[in-house]
Amino acid sequence: YVSAQGSDAVGVIDHGAQKVVATLSKIGPAPDSLALSPDGRMVWVADYASNRIQAIDTRTLKAGKPIVVGRHPGGLTLSPDGKTLYVANRGVDSISVVDTRSGKVRREINVGTAPSGIAVLPNGKRIYVANRDSNSVTPIDLQNGKALPAIQVGLAPIQLAVSPNGKLIYVVNSVSNSLTPIDVATDRPGKSIKVGARPFAVAFSPNGKTAFVVDGALGECVPVNVTTGTIGKPIPVGNLPVAISAL
């Protein structure tokens, strides 16, 4: 599934045939982030311009009823059980907490300025929100819905990832060209790791020993040794890489 803002649509790609098999054109004027449910039955889409989210049934390719959230929704993350969707509203500096079964917004939680990326711990007890314009990360305790004290990181954090064991978070600082590690047990940031130029995204390997960062300006993927915090030899990947996923 690919969101295409220039076409106001979401494209469906058959990865076996490597071709587009459907185009959903009634999603909204500016489809943005996507999130796949854990069971693979729903893809959630945030529409940046209409301030709505929608679920697409992956079997029928029919879009559900739009749900109004905050202004300029971007980052989306689902809880591990798929019952809750967290939406980063960049225009109003908040997170919408959405019940995926009822389609109701349960609450709005204020965070830092221009929230972008969201990551949820494997145990589902907390989320961490990257606040691009306040250079911080906001932890949120999901048991009481409260935002905890912000963690200062590098310049313009836009994305973050949680290690498979849930003990470490890497934050991508797109302007300071670095990663900030955060210890989940203490919520304290560690020493920043320089990774190149204009990093956009990070992902951990399944065993958690390596993280991979894509550098937009250099067209590279940079491996990071999680134990030592040292970077390996960059891997050329093409012009302006902006996202990554590791299997």
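Residues numbered from 1 in each chain as written. Predicted model: local features only at pLDDT ≥ 70, side-chain atom pairs only at ≥ 80, totals over all residues. Heavy atoms only, no water.

With that out of the way, let us pick up the side chain of N131. Topologically, N131 is positioned in strand β13 (residues 126–131). For N131, the contacting residues outside a window of four places in its chain are V111, G112, T113, A114, P115, S136, V137, T138 and P157. (Helix = DSSP H or I, 4+ residues; strand = E, 2+ residues; numbered from the N terminus. Contact = heavy atoms within 4.5 Å.)

Time to look at the environment of P31. Position of P31 relative to the elements: it lies in strand β4 (residues 31–36). Its relative accessible area of 0% is what places P31 among the buried residues. Put simply, P31 and Q54 are 23 residues apart on the chain and 9.9 Å apart in space, counted from C-alpha to C-alpha. (Buried < 20%, exposed > 50% of the residue type's maximum accessible area, 1.4 Å probe, protein only.)

Counted under the stated rule, the structure contains 1 aromatic pair. When the ring of Y170 is compared with that of F204, the centres are 5.2 Å apart and the planes differ by 20 degrees; the resulting orientation is stacked. In this pair, Y170 sits in strand β18 (residues 168–173) while F204 sits in strand β22 (residues 199–204), placing the two residues 34 residues apart along the sequence. Looking at Y170, the relative accessible area reads 1%, which means it is buried. (Phe/Tyr/Trp six-rings, centres within 6.5 Å; stacked < 30°, edge-to-face > 60°.)

Here we take up the environment of A4. Take A4: it is sitting in strand β1 (residues 2–4). Assessed through its relative accessible area of 28%, A4 is described here as partly exposed. When the C-alpha atoms of A4 and K65 are compared, they prove to be 20 Å apart, with 61 residues separating the residues in sequence. In this structure, A4 is in contact with A9 and P31, ignoring residues within four places of it in sequence.

Both β22 and strand β23 (residues 210–215) contribute to a ladder of 5 bridges, which runs antiparallel. Bridge pairing in β23 places P199 opposite D215. Where β22 folds back on β23, the antiparallel hairpin that results is connected by 5 residues, among which G208 adopts a positive phi of roughly 75 degrees. Here β23 pairs with strand β24 (residues 220–225) via 6 bridges, running antiparallel. When the bridges of β24 are listed, D215 appears paired with E220. (Pairing = 2+ DSSP bridges.)

What follows covers the pattern of salt bridges. Pairing between side chains of opposite charge can happen when the charged atoms of each approach one another. Using the criterion set out here, one finds 6 salt bridges in the structure. The residue D99 makes a salt bridge to R101 at a minimum N-O spacing of 3.7 Å. For D99, a relative accessible area of 12% puts it in the buried group. In this structure R101 comes out as exposed when scored by relative accessible area, which is 60%. Between D99 and R106 there is a salt bridge, and its shortest N-O distance comes to 3.4 Å. Each of the salt bridges in this network shares a partner with another, and the network as a whole consists of D99, R101 and R106. (Salt bridge = Lys/Arg side-chain N within 4 Å of Asp/Glu carboxyl O.)

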